[in-house]
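Descriptive analysis of the structure
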Amino acid sequence: MAVVFEKTKALTDIPFHYCPGCTHGIIHRLVAEVLDELNLTGRTIGVAPVGCAVFAYNYFNCDMIEAAHGRAPAVATGVKRARPDSIVFTYQGDGDLAAIGTAETVHSATRGENITIIFVNNAIYGMTGGQMAPTTLPGQITQTTPYGRDTNTAGYPVRICEMLSTLDGVAYAERVSVDTVKNIATAKKAVKKAFTAQVEGKGFSIVEVLSTCPTNWGLTPIEALDWLRANMIPYYPLGVYKDKTEKGVKHHD
Amino acid sequence: MADKVLMKGNEALAEAAIKAGCRHFFGYPITPQTEISAHMSKRMPKIGGTYLQAESEIAAINMVLGAAAAGVRAMTSSSSPGISLKSEGVSYIAGSDLPCLIIDVMRAGPGLGGIQPSQSDYWQVTRALGHGDFQLLVFAPSTVQEMVDFVFDAFDMADKYRMPAVILADGMLGQMMEPVEFRRGDVTDLPEKPWAACGHQNKREHNIVNSLYIDPPALEKLVQERYKKYEQIKETEQKAEEYLTEDADIIVVAYGASARIVKSAVNSARKLGLKAGMIRPITLWPFPDKVITRRADTAKAFLAVEMSMGQMVDDVRLAVGGKKPVHFFGRTGGIIPTPAEVLEQIKTILGGAK
């Protein structure tokens, strides 16, 4: 009988701890499929964040390092400089990447560090129980914005792909979503393109993935997908924000 | 083996690190350690190494974590306020059982403090360079030659015990010039690191470098095992210099640059017929308590001299264990004590002679 679907080799047998309806599982799977297809697992080192994906080091079958909150791009930089022939990626959430780790994110990007960042944006701090994230939308209710995010006092959400796309060190920046089968296919292409850019030494690559958090949004998984489409995609438009993967950022005209 | 060359302490230390096999330096500019970074930025590109000026002290120490996790000899250097910023990363490095080298060229604090020499990071480095139960190997050079020699020892012991090592110098040692000899040549036979996250090449299970243990009994067991290692280190790795302690009535305890001043004061005291001696801790952790405890039986009094308001003196008191009085003299704020001031203290303690 023909095998039409099987577990990826780049994931271990350890069951995910993610909540029902959370899209981390899909995103893990996409990264793992790409590592398998590009035959990279043996020479890849992943860096796990602090946040819901903290246990990513148990799930990915490549060598893994657990970083402090926000520091994954700095850790990845150290790994890449020590082992330039390896493939290095970080897997980070919005609090990790866009709040406490903003400096590490921006400066690894501006150095054109030849690493790949998978950035999971679900507009909330999931692991600590649903507080405001840097990407929480205006008016969005969270545990620490109980009356909705008031931009007069809490400021505005950060659009990471737009911001990073202004930096010369960034070779590739794309925002995708995993809310539909079609978008999942697009997301996978983006992840593959990001890793391929790194294999070819083109510079910093980032894929921002809009993700759901049904538990902390207080919605069912289906409602959460609808909420993402109705609220997140308009604020965080999908698409390619930067693509210098032809020449790479290390090339000087 | 090698010729003597005249070098500034900071530069000598940096060159020693290269000779010790370090090819990965991550730093951030801060006075008075900047010559280390400058030397690395000049040398590393010529020898295929990495010099990376990070965006912050926090990023620099986490880059060290990444490089150390990937199995190479990695280091960073800073001075007191920068070391405070690094403490998060140091805790994670210790909790992940990674070896690395951290240089602290101390300046005066607290806060922005000043840029003149100080020894007021003793507590920070020997007690609490980050959250959690852990220790660091801490070496205190007092000559430019030791700035060189201890780099090799620090990297070797960090690798041997899989823990971070600190060289605790001060602005005086960093900035002074002295003749040095590179007694060890280029180290090439670095130890194997089978635990490193460097890509498994599909030949072994995946390695995980991690400090998270969500299960309390598992974490307690791991920390207890680490403390067994610390006990072993305390047993075997204490180092101190003893100077004229055999018949000494008063033993002055001082490390680093302060020990140079104390040695002059001890010599002056001897010329006056006063039986003074010195114990100079070389390892600050493990603190050389055995030699102090032993001398507590023969000496009549101890005097700790530091460029601080009194930090190491706590360890001296613990080692003396109440057997003899322990006095303290210190200058702080970037002021270096003079031999005459120390001699006055010795005279006063030995019978009130003025």
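Cut-offs used in this document
- Residues numbered from 1 in each chain as written.
- Chains lettered and ligands numbered in written order.
- Predicted model: local features only at pLDDT ≥ 70, side-chain atom pairs only at ≥ 80, totals over all residues.
- Helix = DSSP H or I, 4+ residues; strand = E, 2+ residues; numbered from the N terminus.
- Rg over C-alpha atoms; globule rule 2.2 N^0.38 Å.
- Buried ≥ 20, exposed ≤ 12 C-beta atoms within 10 Å, placed from the backbone.
- Contact = placed C-beta atoms within 7 Å.
- Axes fitted to C-alpha atoms, helices over the stretch in contact; angles between N-to-C directions.
- Parallel < 35°, antiparallel > 145°, perpendicular 65-115°, else oblique.
- Nonpolar A, V, L, I, M, F, W, Y, C, P; charged D, E, K, R; others polar.
- Domains from an automatic or database assignment.
- Pairing = 2+ DSSP bridges.

Each helix and strand counted, chain A has 10 helices and 7 strands in total. By the compact-globule yardstick of 18 Å for 253 residues, chain A fits well, its C-alpha radius of gyration being 17 Å. Oriented by its inertia axes, the alpha-carbon framework of chain A measures out at about 55 × 50 × 30 Å. Here chain A holds 253 residues, and 57% of them are scored as buried. Pairs at least 24 residues apart make up 69% of the contacts formed inside chain A by residues separated by at least 6 positions.

On to the packing of helix α3 (residues 72-82) of chain A against helix α5 (residues 102-110) of chain A, then. All names here are of chain A. With their axes 7 Å apart at the nearest point, α3 and α5 run at an angle of 40° to one another. Judged on the interaxial angle alone, α5 and α3 are oblique. Contacts between α3 and α5 involve Pro 73, Ala 74, Ala 76 and Thr 77 from the first element and Glu 104, Thr 105 and Ser 108 from the second. Along the lines of polarity and charge, the residues of the contact of α3 with α5 split into 3 nonpolar, 3 polar and 1 charged.

Let us look at the domain arrangement of chain B. Residue and element names in this part refer to chain B. Structurally, chain B comprises domain 1 (4-236) and domain 2 (242-349). Using C-alpha coordinates to define each centre, domain 1 is positioned 28 Å away from domain 2. Opposite the 25 residues of domain 1 that make contact, domain 2 presents 22 residues. Elements represented by at least two residues in the side of domain 1 that touches domain 2 include exactly α5 (122-126), β6 (137-139), β7 (164-170), α7 (171-175) and α8 (216-236). Looking at side-chain class alone, the side of domain 1 that touches domain 2 contains 15 nonpolar, 8 polar and 2 charged residues.

All names here are of chain B. If you walk across this open sheet you meet the 5 strands as β10-β12-β11-β14-β15, and the pairing is mixed. Each edge of the sheet is formed by a strand with only one pairing partner; in this case those strands are β10 (240-243) and β15 (326-330). Within this sheet the neighbouring strands show an average axis-to-axis angle of 20°, counted without direction. The sheet contacts of helix α9 (residues 256-271) involve β10, β11 (250-253), β12 (276-281) and β14 (301-306), and relative to β12 the element is tilted by about 165°. Helix α12 (residues 339-349) rests against β11, β12, β14 and β15 of the sheet, and its axis sits at about 160° to β14.

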